[in-house]
Amino acid sequence: MRAVRNLIGALALGAVASLGAVLPSPARAAGEAIAIPNANFGFAGFFGTFDRGAAQRGLQVYKEVCSACHGMYHLSYRNLLEIGVSEDQVRALAASFTVMDGPNDLGEMFERPARLSDRFRRPFANEQAARAANNGAYPPDLSVIVKARPNGANYVHALLTGYTEPPAGFTVADGMHYNAYFPGHQIAMPSILNPDQVTYADGTAATVDQMARDVTTFLAWAAEPETERRRAMGVKMILFLIVLGGLTYAVKRKVWADVKH
C-alpha cells in the first residue's frame, strides 16, 4: 500500500514539475527577468520601522496624484491616526469627500460627508467606469499593492522611477509607455511624478525619487499596518526564549550536578 502511495506521489510531483516547465512564469511571459534595484527602505529590515514623516508625505502624494485613478478600498480614514496624522486633520480630510449612506426614515439613500470610520473614497463608481476613463486599463487598488507584488516596495519604487526613453529598435504600442522595470516594458499608466509636483509642508524637496520613496512608504504601511507590532512581539518572544533556555539549562545543571557517571 505504501508503495502505491509513493508511486502516486511521485507521479503527482512529476505532473506539477511538468506544468511548471510548460506554463510561463511572469518573468518568462515578459521574455526576461528584470532586476529590481534595492531602494534600501528603513522599514524593510527585521528591526525596521516606518518613518512617520515619509508616510505622511506619501499620503499627500497619494491624495494629490494617485487618488485620481487608484483607490485604497481596504483603508479607513481613522487608520491614518497610526502614522501621526492628527485627528482634526483626518476629520477634515474625510469631510472633504461625500459618501452614499442610508436608507433614511423615508427609505431613501443620501449623501453625507465622510467620517473617520468610512473607507477611502473610490475614484470611480465601478470597474467599467474606471476602464472607460483610462483607455480600457483598470487601475489596481493600492491598499495591498506592496504585498501583491514580488519584492513589493522595491518594485513600486522602481516602477514609479523607471520611465525612460525606449532603447533603439524597441517599438512602444499606441497608448502604452516604456518603463524599464515593468514586465514587458510597456505599461498603460504614464509617468505620473514630476519634480516639485507637490509642496511638502516640512520643506522636503519634492524630487521624483523622493515622492516615489514617500508614497511607497505610505503604501507599504497601508498594506501591513501591523508590521511594527508584529516585529516587536517577535523580538519579545526571542528574548523570552533566550531567557527560558538559559534558566532551563541552569536548572538542568543544578539537578544533575550530584549525579555521578
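Use the structure listed above.
Residues numbered from 1 in each chain as written. Predicted model: local features only at pLDDT ≥ 70, side-chain atom pairs only at ≥ 80, totals over all residues. Heavy atoms only, no water.

(A) Local environment of the overall build of the protein chain. Helix and strand counts for the protein chain stand at nine helices and four strands. In the protein chain, the succession of α and β elements from N to C terminus is α-α-α-α-β-β-α-α-α-β-β-α-α. Across the 261 residues of the protein chain, 30% fall into the buried class. Counting only contacts in the protein chain whose residues sit at least 6 apart along the sequence, the fraction spanning at least 24 positions is 62%. In the structure as shown, the protein chain presents an accessible area of about 16,500 Å², 59% of it carried by carbon and sulfur atoms. (Helix = DSSP H or I, 4+ residues; strand = E, 2+ residues; numbered from the N terminus. Buried < 20%, exposed > 50% of the residue type's maximum accessible area, 1.4 Å probe, protein only. Contact = heavy atoms within 4.5 Å. Areas by Shrake-Rupley, 256 points an atom, 1.4 Å probe, with all protein chains shown as cover.)

(B) Examining the layout of surface pockets more closely. By volume, the largest pocket amounts to about 1,000 Å³. Taken together, 37 residues line the largest pocket, and the ones lying closest to its centre are Tyr155, Leu159, Phe182, Ile187 and Met189. Going through the elements one at a time, helix 2 (26-30), helix 7 (152-161) and helix 8 (208-223) are the ones with two or more residues in the lining of the largest pocket. No other element matches helix 7, which puts four residues into the lining of the largest pocket. Within the lining of the largest pocket, the residues separate by chemical class into 29 nonpolar, six polar and two charged. For the second largest pocket, the calculated volume is near 310 Å³. As for the second largest pocket, its lining consists of 13 residues, of which Gln56, Leu59, Gln60, Val85 and Gln89 are closest to the centre. (1 Å grid on protein atoms, 1.4 Å probe; cavity = no way out; pocket = protein on both sides within 12 Å on 5 of 7 lines; lining within 4 Å. Points joined across faces, edges and corners; volume = space filled by probe spheres on them. Nonpolar A, V, L, I, M, F, W, Y, C, P; charged D, E, K, R; others polar.)

(C) Spatial organisation of the environment of Val156. With respect to the secondary-structure elements, Val156 resides in helix 7. Residue classification places Val156 among the buried positions, given a relative accessible area of 8%. Sequence separation between Val156 and Val146 is ten residues; the distance between their C-alpha atoms is 7.1 Å. Each residue touching Val156, except ones within four places of it in the same chain, is listed here: Ile145, Val146, Thr216 and Leu219.

(D) Quick peek at empty space enclosed by the protein. Taken as a whole and judged by the stated rule, the model has one cavity of 30 Å³ or more. Quantified by volume, the largest cavity comes out at close to 90 Å³. Every residue along the wall of the largest cavity is listed here: Leu59, Tyr62, Lys63, Ser67, Tyr77, Leu93, Phe97, Phe120 and Arg121. A per-element tally of the lining of the largest cavity places helix 3 (residues 52-64) first, with three residues. In terms of residue class, the lining of the largest cavity is made up of six nonpolar, one polar and two charged.

(E) Representation of the environment of Asn179. Secondary-structure assignment places Asn179 in the loop between strand 3 (177-178) and strand 4 (186-187). Residue class for Asn179 comes out buried when judged on its relative accessible area of 0%. Among the polar contacts made by the side chain of Asn179, one reaches the main-chain carbonyl oxygen of Leu159 at a distance of 2.8 Å. (Polar contact = N/O pair within 3.5 Å; in protein donor to acceptor, adjacent residues only side chain to side chain.)

(F) Quick look at the side chain of His70. Within the fold, His70 resides in the loop between helix 3 and helix 4 (87-95). Side-chain polar atoms of His70 contact the backbone oxygen of Pro140, separated by 2.8 Å. The residues touching His70, leaving out its near neighbours within four places in the chain, are Tyr62, Pro123, Pro139, Pro140, Leu142 and Met189.

The values are spatial; any link to function lies outside them.
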